[in-house]
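Observations on the model geometry
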Amino acid sequence: MTEVVHISSLLLRADPQKFEQILAEIAKIELAEVPMTDPSGKIIVTLETENQSNIVEALTQLQLLDGVVSASLVYHQTD
């Protein structure tokens, strides 16, 4: 049996005035990490999941956060 890991990164554009609130909400999302931010409102989020459904679920959660203007999948790889 093989174990597949899905590694993905997402770019969020967020309201800079709600930046800290959004980072706190992202920290609550299981499997999500924030390796890089920009005070202008850009946030890089990485995910390491077992399947693509988890990626879609996390992306939807991120898109629905108050203050998030957009969230896009920019990279996906399976190992």
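Below is a summary of the structure that appears in this document.

Thresholds applied
- Residues numbered from 1 in each chain as written.
- Predicted model: local features only at pLDDT ≥ 70, side-chain atom pairs only at ≥ 80, totals over all residues.
- Heavy atoms only, no water.
- Helix = DSSP H or I, 4+ residues; strand = E, 2+ residues; numbered from the N terminus.
- Core = buried A, V, L, I, M, F, W, Y, C linked by side-chain atoms within 4.5 Å.
- Buried < 20%, exposed > 50% of the residue type's maximum accessible area, 1.4 Å probe, protein only.
- Contact = heavy atoms within 4.5 Å.
- Expected span 1.5 Å × (residues − 1).
- Polar contact = N/O pair within 3.5 Å; in protein donor to acceptor, adjacent residues only side chain to side chain.

This part covers the environment of Glu20. With respect to the element layout, Glu20 can be found in helix H1 (residues 19–27). When the C-alpha positions of Glu20 and Glu50 are compared, they lie 28 Å apart, and in sequence the two are 30 residues distant.

Further remarks concern the nonpolar core. Counting 19 residues, the largest nonpolar core has Leu12, Ile26, Ile43, Val45 and Leu62 as the members making the most contacts within it. Of all the elements in the fold, those that place two or more residues in this core are strand E1 (6–14), H1, strand E3 (42–49), helix H2 (52–63) and strand E4 (68–78). If near-sequence neighbours (up to four positions away) are discounted, Ile26 is found in contact with Leu12, Ala32, Val34, Ile43, Val45, Leu62 and Leu65.

Here H2 is 12 residues long and its end C-alpha atoms lie 17 Å apart, about the 16 Å a rise of 1.5 Å per residue gives. Looking at the buried side of H2, the elements it contacts are E1, H1, E3 and E4. The residue sitting at the N-terminus of H2 and contributing the capping side-chain oxygen is Asn51; that oxygen lies 3.1 Å from the backbone nitrogen of Ser53.

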